[in-house]
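Structural overview
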Amino acid sequence: MSAAKRPPLPVILLANDLLDGEVVFRSDKGWSRDPGEALIAFDDEAAVALEQAGQRAYANNEVVEVALVDVSLTGDGKPVPNHFRERFKVNGPTVRLDLGKQAVYGRR
Amino acid sequence: MYRYDEFDERFVRERVEQFRDEVARRLDGSLTEDEFRPLRLKNGLYLQLHAYMLRIAIPYGTLSSRQLRQLALIADRYDRGYGHFTTRQNIQFNWPKLRDAPDILGLLADVEMHCIQTSGNCIRNVTADHFAGVAADEIDDPRPVCELIRQWSSAHPEFSYLPRKFKIAVTGALHDRAVVKAHDIGLRMVRDRETSAKGFEVIVGGGLGRTPFVGKVIRDFLPEDELLAYLEAIMRVYNLEGRRDNKYKARVKILVHEIGVEAFREKVEAEYARLDVASINPDPAEVERIAAYFAPPAYEKLPAQSTALDAAMKLNPAFAEWVEINGFEHKAPGYVAVTVSLKGIGEVPGDMTSDQMRHFADLTDRFSLGELRVSHNQNLILPDVKKKDLFPLWQELGKFGLATANVGLITDIIACPGLDYCSLATARSIPIAQAIATRFADPVRQRDIGPLNLNISGCINACGHHHVGHIGILGLEKRGQESYQITLGGDSSEDAAIGDVIGPGLTGDAVPGAIERLVAIYLQERREGEPFIATVKRIGQAPFKAAFQHYVEGLRDHAA
């Protein structure tokens, strides 16, 4: 992914776990299921590092559908995707609040 | 219903083991995602927004109670306790894990089910009139033909890598309840005017999606026993001439449109003349073997009217309403086909919990000879209910929230999963359906409005059949927001028509108000007994467009 194709900063890296399909986030401990643990890249260097980690994990058959996603930060510094599609992806179905991330980690 | 023979059984079991091996090779890294994706899709396993999704084939919408119980078991053991019935008469699970998929396929094989032909550029699972075999307006049960098409098309070596997916629908009735004119091939059973022999009107090139077309007739009458060879001729023309350079122009509808129906017909007839027809059309004994599985059950000789039913309807207006709205005329005296709505007000259209499935399976055994149907409208049908049993059936359905009396009314909304689940979607569908259903929840008002098909799709691919809804809603993205475009005048019946866009897109919260305005024009303009779509066709779009425009301007003024 060239810099031109990268979304605007800041960004996080999300993917789906290969084995069970669940949405996962690149964190400082590898892949996390908790959106609150997502590493946030504020500059190009950090975004490239995230991107490369994603490429490696894809090649290692850990994850699929890897994508950098541009975010805004909430008052407590947690990342929330700017686009509604990715907001649904990190929360879960808006018609079933008992399912998806929102049921475990809260809605954002 | 059809039962697997040893070949069907072996074929499905082998597919499960092949997929188990493919998953193992994916997990150990022998297969890359690019290599594995088409393999998992051939087994109905998609990757959606939140998780994998497994689409299970329900050929021509016919299910047994035993199969429904197995679906409930899978929902509980491997998913989140519910399933979603689709507009192609299939069922989807939204949360399966890749590691579990082979075991799920094994459980499906145990009850003669699979996920073959639910994805990929092959001939997809064939669909049919959900009242097949019981409808009073039927020439004959289309399901033996559907089963024949299923067997012929399953893993057909010549048609496994078509330019694009290919959908066939069949109806045996006068009234089209299978939307045959919006399929790649639609087959409408007809009788020859002179000999009254059974055959098919063959319709090609219908479809929805980004370029909607109503199908065109290429044969007025095709004798029944020539069907498979003629289908093969159509498939060969499409396979050879359908575009492969652009997936958006690869469906047969584009080919038919580009070369014209006359040229397409000529090519098919020329191909048909070349084919060794006898080697393709099935042995009559095999046709009879299949047909025997669909022989009508031994119906009891019952009076056409049931005094028990009449009495219960008099005593209980809510029950009477349900019978009138959800009941459907059966060909056997004293019986009725019942549509069980999966569109409870505020519920997700087409969703059913595992508890509901088990309860419903028990009711199917008790009241409808163990067989049920799935409709493309995302409801279930009990095809063979005795009129005298309707009251206890209704009471039992009510215990599990399945007695909503709204079939064919404005709250019986077709809606795709949309952006709540689907990775292709551009906007949500389900919350819009819920908001409209809630707005029009009053049963008296719904009945007053009468038959009205309202269909919602969350993207241009049109799984929610919005083009053929009397009112259609298409969810799009506009400047980073969900935006909803409204169409009017679509029709999924034998008078199939594609709706016209009536104005600019709206935000989701403005949609129910817009529907109110359209309904208000209808109520103002309708003649005695005239349903919504007939009024639209009679008075045209202009009054509706004007009311819509007025509504949109009001929204702008309000915002300013």
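Residues numbered from 1 in each chain as written. Chains lettered and ligands numbered in written order. Predicted model: local features only at pLDDT ≥ 70, side-chain atom pairs only at ≥ 80, totals over all residues. Heavy atoms only, no water.

**What to know about the overall build of chain B**
In terms of helices and strands, chain B carries 19 helices and 20 strands. In summary, chain B has a C-alpha radius of gyration of 23 Å against a globular reference of 24 Å for 560 residues, a match within 12%. With the principal axes as the frame, chain B shows a C-alpha extent of 60 × 60 × 60 Å. Looking at chain B alone, contacts between residues at least 24 apart form 68% of all its contacts between residues at least 6 apart. If you sum the accessible surface of chain B, you get close to 21700 Å²; carbon and sulfur atoms cover 51% of it. When the 68 positive and 77 negative side-chain charges of chain B are each reduced to one mean point, those points stand 4 Å apart. (Helix = DSSP H or I, 4+ residues; strand = E, 2+ residues; numbered from the N terminus. Rg over C-alpha atoms; globule rule 2.2 N^0.38 Å. Contact = heavy atoms within 4.5 Å. Areas by Shrake-Rupley, 256 points an atom, 1.4 Å probe, with all protein chains shown as cover. Lys, Arg positive; Asp, Glu negative; His and termini not counted. Charge placed at Lys NZ, Arg CZ, Asp CG, Glu CD.)

**Examining the overall build of chain A**
Looking only at helices and strands, one finds three helices and five strands in chain A. Counting helices and strands in the order they occur from the N terminus, chain A gives β-β-β-α-β-β-α-α. Dimensions along the principal axes, computed over C-alpha positions, put chain A at roughly 35 × 35 × 25 Å. Per-residue burial over chain A gives 50% buried out of 108 residues. Taking as baseline every contact in chain A between residues at least 6 positions apart, the subset at least 24 positions apart corresponds to 53%. Only carbon and sulfur atoms are counted for the fraction: they give 49% of the accessible area of chain A, which is about 5000 Å². Positive and negative side-chain charges of chain A, numbering 14 and 16 respectively, have mean locations separated by a distance of 4 Å. (Buried < 20%, exposed > 50% of the residue type's maximum accessible area, 1.4 Å probe, protein only.)

**Regarding the side chain of Thr535(B)**
On the secondary structure map, Thr535(B) appears in helix α18 (residues 532–539). Residues contacting Thr535(B), with those up to four places away along its chain left out, are Tyr522(B), Glu525(B), Arg526(B), Glu530(B) and Gly540(B).

**A few points about the interface of chain A and chain B**
Tallying the contact residues gives 24 residues for chain A and 34 residues for chain B. When the two sides are added together, the surface that chain A and chain B hide from each other amounts to roughly 2400 Å², 60% of it contributed by carbon and sulfur. Per-residue buried area on chain A facing chain B is highest for Leu19(A), Phe84(A) and Val95(A); these three make up 25% of the total on that side. In this structure, the connection of chain A to chain B is made through one salt bridge. With a closest N to O distance of 3.8 Å, Asp20(A) and Arg99(B) form a salt bridge. (Buried area = accessible area lost by both parts, 1.4 Å probe. Salt bridge = Lys/Arg side-chain N within 4 Å of Asp/Glu carboxyl O.)

**Re the confidence of the model for chain B**
Chain-level pLDDT for chain B is 97 on average; 100% of the residues reach the 70-or-more range. Reported confidence for the predicted complex is 0.96 by ipTM and 0.97 by pTM. (pLDDT = per-residue confidence, 0-100.)

**Here we look at the packing of aromatic side chains**
Residues and elements named next belong to chain B. Overall, the coordinates contain 16 aromatic pairs over all chains when judged by the stated rule. Ring centres 5.9 Å apart and planes at 70° place the aromatic pair Tyr-60 and Phe-294 in the edge-to-face group. Of this pair, Tyr-60 sits in the loop between β2 (52–56) and β3 (62–64) while Phe-294 sits in the loop between α10 (284–293) and α11 (307–315), and the two are 234 residues apart along the sequence. The exposure class of Tyr-60 is buried, given its relative accessible area of 5%. Taking relative accessible area as the criterion, Phe-294 reaches 6% and is therefore assigned buried. (Phe/Tyr/Trp six-rings, centres within 6.5 Å; stacked < 30°, edge-to-face > 60°.)

**A short note on the packing of helix α17 (residues 511–525) of chain B against helix α19 (residues 542–559) of chain B**
Residue and element names in this part refer to chain B. Contact pair α17 / α19: the axes reach a minimum separation of 9 Å and the direction vectors enclose 145°. Remark: the crossing between α17 and α19 carries right-handed chirality. On the side of α17, the interface is formed by Gly-513, Ala-514, Arg-517, Leu-518, Ile-521 and Tyr-522, while α19 contributes Pro-543, Phe-544, Ala-547, Phe-548 and Tyr-551. Tallied by class, residues from the contact of α17 with α19 come to nine nonpolar, one polar and one charged. (Axes fitted to C-alpha atoms, helices over the stretch in contact; angles between N-to-C directions. Left-handed = near helix turned anticlockwise from the far one by under 90°. Nonpolar A, V, L, I, M, F, W, Y, C, P; charged D, E, K, R; others polar.)

**A closer look at the sheet that holds β2(B)**
Residue and element names in this part refer to chain B. The five strands lie next to each other as β1-β2-β5-β4-β13, forming an open sheet whose pairing is antiparallel. Every other strand in the sheet has two partners, leaving β1 (45–47) and β13 (351–353) as the edge strands with one partner each. For this sheet, the mean inter-axis angle between neighbouring strands, taken without regard to orientation, is 30°. Pairing between β2 and strand β5 (residues 91–93): three bridges, direction antiparallel. Of the residues in β5, the one forming a bridge with Ile-56 is Ile-91. (Pairing = 2+ DSSP bridges.)

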